[in-house]
Each structure stands twice: as C-alpha cells, then as structure tokens.
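Breakdown of the fold
One-letter residues, chain by chain:
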Amino acid sequence: MQQETMSTDVQRNAAPGFLKNGGVMAELIRNRDWSDGLGPLEEWPAALRSALSICLNSSFPTAIYWGPDLRLLYNDSWSHIPGERHPWALGRPAAEVWSDIWEVVGPQFEEVMATGKGLSTYDQMLPMVRNGVQTESYWNYSFTAIRDEFGEIVGIFNQGNETTAAVRAKHEAQEEIARLGRLFAQAPAAIAILEGSSHTFKLVNPAYEALVQRTGLVGKSVSHALPEVQAQGFVDILDRVYSSGEPYQGKAVPIKFLLPDGERQWRHVDFVFQPITGTTGERVGIFVQASDVTDAATAMAALRDSEQRFEAIVNSIDQMIWSTLPDGDHDYFNQRWYEYTGVQVGLTNGVEWDKVVHPDDRAEAWERWQHSLATGEPYHVEYRLLHHSGAYRWVIGRAQCVRDESGEITRWYGTCTDIHDLKVAEEERQLLLRELNHRVKNLFAITAGMITMTARSAPSVTAMAQALHGRLQALSKAHQLIQPAISSSSQRGETVAFRLLIEEILSPHVADQAAQLSLAGPDLQLGPHASTSFALIFHELATNAAKYGPFRDADGRLDVRWHMDGSSFNLEWREMVARSQSQITAPTMEGFGSKLARTSATHQLGGSIDFQWLPNGVNIALTAASDRLNT
C-alpha cells in the first residue's frame, strides 16, 4: 500500500510529455497554479498540448493565446518580448498583458478568432510601454488560428520578432539619402559622378555647371562635353584613376575653360578624382569634387609677393625684428634674430623668448613687458641677449603697439638692437675715468710710502735720493703701460712680456726684490689690450700690497706663479706679511680697486679673480681665457 502511494506521487511530480525539452518556460508552466484560468495540466485539451509542445520546442520566438480570454503561453525564445512583464505575463489574458498596444493587436486577434484566416504583418509599429515609458517599436509577426479536433477555433499560434533597430536604421538611411541629395544639389563645391571607362556624366550639381559654364552634361562623356580639358591632360588623369583605383588630388591647378561666347578663361581649381567601386570591388565610375579657388590663388600670389618683399626688407637690416599677438605671445622673428641668437626657428615663439635673455636681466625685461602689455605704453629696456657665439651681448629692446578703430590693441611690433660694443666702451670709459681719479688719489699715498720705505734702508740722504728716484722712474714706466687704457693713444700691434710687466709694476713697491719677491712661470707675450688689463689688475694688487700687505715691511714676501692649462691661463698671487705686523682680516665691503680688478678679469680677460683672506696674508687666484692674451 505504501509503495503504491509513493509511485502515485512520482507520477504526479513528473513533467507531462508535452512539456518535455521545453526549457525554462516548461518548468514555469509545470510549477504554476492554473486554477485561475486553464485548469490543471492533466486536464488540458489535446489541441493545446500539441500546440504547446510545438511552441516550447521551437527555437523561434513563439507564443500561444488560448481560449476566449486568449491566455498567454510562450517559449524561452519569446520570453524577452514582454520585457519586465515576464514571467508575470504567463497565463494572463492578452488584453491584460498588452493593454498598451491593444488598439492595434486587439482587432487583429478578434479577426483571426472570428474568421480563422491567418495574419502576417511586417514592421508593424506598436507603441509599447517599456520601463514605464511608451516607445515606438516595430515587429514582424504572424497570427495563425489553432483548431481542435472538431474544427473549432480555440486559440492563436503567434510567431514573430522585433525589427525596431532595422526599421530605425532604414528610416535613418532614407533620411540620410534625402539629406545627401539636398546637400549634393546645394553644395557650394562642384560635384559630378562619372560612369564607366568613358567617364560619362551620370550626375552633376548646379555648382559644377557654373564652374564649366555649360549645361546638359548628363549622358555625355567628359571628352565630348569638355573637349578643352582633354587637351590639358585631365582625361588621361581620369583614365589612370579608373584603372588603378588610386584617387588623385589637385591643388590650385590652372585650367583653361571654353566660355559660351568662344572666349577662353583661366581658372584655378582644387579638385579630387575619387574612384567608385561596385559591390564586388569592380570599378564603376569616378566621383569628382572641385572648387574654384581663383580669387584665393590670386590673393595668395599677391600675398606671397608682399611677404617676399617684406622679408627682403626686414632681413636686410641689422636690427632684429619681432611681433606678438595682443597678449604678448611672440609669433614672428625675422631671420636676423635667428642668425644672431643661433636658436632654431620657432624655438622662441610664445613666451619662450626670455630663455635667451640673461638670467639676471629677465625679471626687469619681463616686468617692463608686462607693464607695456597692460597699459599700451611703448616698451624700452636694455638687457643682455644670448649670442650664437655663446656669449651674452647687450641689446636695446623697443616695441610699439598697433590699435584698431575702437582703440583695442591688435598687435605689437618690436626690435632688438645690438649696443654691446657701445655699452662696453661706455662702461670702460666710466671705469677708467674713475680709475684715473683713483690713481691720482693713490699717487700721493704711494709716493709717501716709497719715501718712508726708502728712508728706512738708505744709509745717507744721497743714497735715499738715488733709490727714490729709481722707484719713481719704475712707477712712471708702470703708468706708461696702463696709459693706452686711459687715453686714445694706444699703439696697436705692440706686445709686452708678461714677466717684465709684473716686474716693472712691482718694482716701485719692493725694497729688496731678491728677498721679498718670487716670480715663476713660462714666457708669455701679451697683446695691447691684455697687457693693459693685466697692468690695471697688478697695479691695484701691488698698491694694496704696499699699503696693507707684505711691502709695508722688509720681512714681507710675495710669490707669483702662473701657467697655461689648455685654453685657460692660471695665476696664483700669494702674499705673506711679516710676523711683526698685525694679522690681516678680510674687508667688510669690496672697494673700487677690487671691483676694478674683478671687472678687468671677467670682461676684458674672460676669466675670474678670487680672494682668500688668511691671518698672515692673502691668496689670489686669477684666470683668463688663453685667446684673450694676444688681443
């Protein structure tokens, strides 16, 4: 008895045969409570079971609407069609499921149920509600009557699929074709379509007819309709494009057209010959697009001529010329600028121009430039500009703005003028004037020091007079050596022995050269400018040594060593004071004499001078560029 009960339960839970292989929907159908409509599964009529079996096993979206209420059953492929209504829609009446589109499908259902005549429709628009929003959707579907074994219509067999994407694409394509047709007719560019190897006009727009000054081109070959272009080689180009499949492009090509009155007219034309291929890749024609650029070509030729004249003028002068936009961004430099600075073309555009300005001058140049940009006032500044040689040279930068009719600044034009030689000459003149004044003031102090120093060691007045006379003569010789720097009577071409220069400048200050002075270094010859610069430096150092250093006392000592190191000249000046003297301390500020020595070393000799102050003396390191020694 217990075994019979278990067997009955297994049979009750087993899927009916018409649901076998029905997928997910078969499970949903088997597990649903059908007491609200179709009744228990085992009581379903044979026609419904047979139709449902076909439906569930179909791979095509299929649904069944059964009975007077058109209760909905469907397969897995159809389950996405109701969207968010699935699986709620299963077993519901069609009018309830499709309330949003019932105006369309309701009458169709009624007609099939009443007549038994099948219905097929394509791209049917159904205003279906999806995610709460009514949207246009398009469908291909069919309704087929289902009859029972007595021939009565008991339901509808429905198959279909959504075509919304295809319909929209078709509409868009049609709209695009219509739009392209309007554009083709209204396009300002001349457009034509040539067909076949004979290049027969199939389509032309009004702009093309206006360009060639002819109508009635369609149906004629290019060589027949436009014989003048054949003689100019354009039909040969069309032949090559057609045979090779490679497009051809012409820019501002001069073409001679034959006018209706028999006259010939030259026009400049931009054009493209684009091959057209068929569905199988074969050549079927050529698309032609052309634009009349005669006015632009004429204007460009005039502009090029004007630019060439402008460039010839601005590049024939020594000044560097530049221009900027209203905001100060540089967009033009003449060739002189690039020759002078040695930078690549375009490297200083925008605000990059300050990269070639000396770092110490950038702040002032930039501040004045910003002031001019803000106020429109003329720009004027002196700064050092990087020369192509690698050295910085002084220039004057000037600029004026150009305004439009409303007073707005439209552009800035400026120049840079090299004033380096004048600047250096003026600096040297001012420096030497101050040096002369400095020398005159020191002359009495030097003379007094020489008298005191000579008196200490002279055994008699006569000996003192003789020694003093000799030192004064040495001082005179040193003065003669620096005379070219402070006068206009420089004797060019003369050279001075480096050792002799030091000896003559130091001799007025040294009581005992053998005991107090040591000189060591190779024999060198100095040019007039170099000897003057060294004379100024050594004269200043010797004066300081006599006033504050080793030459104040007979026990003081000076060692001078020099040598060449490749392209650099190096000198060491070492002063050692007597033990009886007070210790030497570094000065709290740089005096004029030190500034003079530093200026001569850096500007005239291309080197440097450094001071190391020690308790018992001072070490001085002097360098110079070797190529400056012969100047």
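I will try to describe carefully the structure that is included in this document. (Residues numbered from 1 in each chain as written. Predicted model: local features only at pLDDT ≥ 70, side-chain atom pairs only at ≥ 80, totals over all residues. Heavy atoms only, no water.)

1. Describing the environment of H387
In this fold, H387 is placed in the loop between β13 (379-386) and β14 (392-403). By relative accessible area, H387 is classed as buried at 15%. The spatial distance from the C-alpha of H387 to the C-alpha of T341 is 4.7 Å, given a sequence separation of 46 residues. Reaching out from H387, the side chain makes a polar contact with the side chain of S389 at a distance of 2.9 Å. (Helix = DSSP H or I, 4+ residues; strand = E, 2+ residues; numbered from the N terminus. Buried < 20%, exposed > 50% of the residue type's maximum accessible area, 1.4 Å probe, protein only. Polar contact = N/O pair within 3.5 Å; in protein donor to acceptor, adjacent residues only side chain to side chain.)

2. Description of the sheet that holds strand β4 (residues 133-147)
On the basis of which strands lie adjacent, the open sheet formed by five strands has the order β2-β1-β5-β4-β3 and antiparallel pairing. Because the sheet does not close on itself, it has two edges, and the strands there are β2 (71-74) and β3 (119-130). Adjacent strand axes in the sheet meet at a mean angle of 35° when their direction is disregarded. Inspection of the sheet shows strand β1 (residues 62-66) paired to strand β5 (residues 153-162) by five bridges, in the antiparallel sense. Residue pairing for β5: Y65 is matched across the bridge by I156. (Pairing = 2+ DSSP bridges. Axes fitted to C-alpha atoms, helices over the stretch in contact; angles between N-to-C directions.)

3. With respect to the packing of aromatic side chains
Within this structure, the stated rule accounts for 25 aromatic pairs. Measuring from ring centre to ring centre gives 5.9 Å for F538 and W573, while their planes differ by 15°; the resulting arrangement is stacked. With a gap of 35 residues between them, F538 in helix α18 (residues 528-547) and W573 in strand β20 (residues 568-576) connect regions that are remote in the sequence. Joined through ring pairs, the aromatic side chains of F498, F534, F538, W562, F569 and W573 make up one cluster. A cation over an aromatic ring shows up here: R32 above the ring of W34, its NZ or CZ 4.5 Å from the ring centre. Positioned above the aromatic ring of W394 is the side chain of K423, whose terminal nitrogen or guanidinium carbon lies 4.6 Å from the ring centre. (Phe/Tyr/Trp six-rings, centres within 6.5 Å; stacked < 30°, edge-to-face > 60°. Lys NZ or Arg CZ within 6 Å of the ring centre and 35° of its normal.)

4. Quick notes on empty space enclosed by the protein
By the definition in use, this model includes three cavities of 30 Å³ or more. Taken as a whole, the largest cavity encloses approximately 200 Å³ of empty space. Y208, V229, I255, F273 and V288 are, among the 17 residues lining the largest cavity, the residues nearest its centre. Contributions of two or more residues to the lining of the largest cavity are made by α7 (206-212), α10 (234-244), β8 (248-258), β9 (264-277) and β10 (283-292). Here the lining of the largest cavity is built from residues that sort into 17 nonpolar, no polar and no charged. Its boundaries defined by the atoms lining it, the second largest cavity holds a volume of some 170 Å³. For the second largest cavity, the lining is made up of 15 residues, of which Y65, W78, L126, Y141 and N158 are closest to its centre. (1 Å grid on protein atoms, 1.4 Å probe; cavity = no way out; pocket = protein on both sides within 12 Å on 5 of 7 lines; lining within 4 Å. Points joined across faces, edges and corners; volume = space filled by probe spheres on them. Nonpolar A, V, L, I, M, F, W, Y, C, P; charged D, E, K, R; others polar.)

5. Quick look at the nonpolar core
Residues I29, W44, L52, I64, Y65, L73 and W98 are the most contacted members of the largest nonpolar core, which totals 45 residues. In terms of residues, this core owes the most to one element, helix α3 (residues 46-56), which gives six residues. If you look at the next biggest cluster of nonpolar residues, it comprises 35 residues, including A535, A545, L558 and A597. (Core = buried A, V, L, I, M, F, W, Y, C linked by side-chain atoms within 4.5 Å.)

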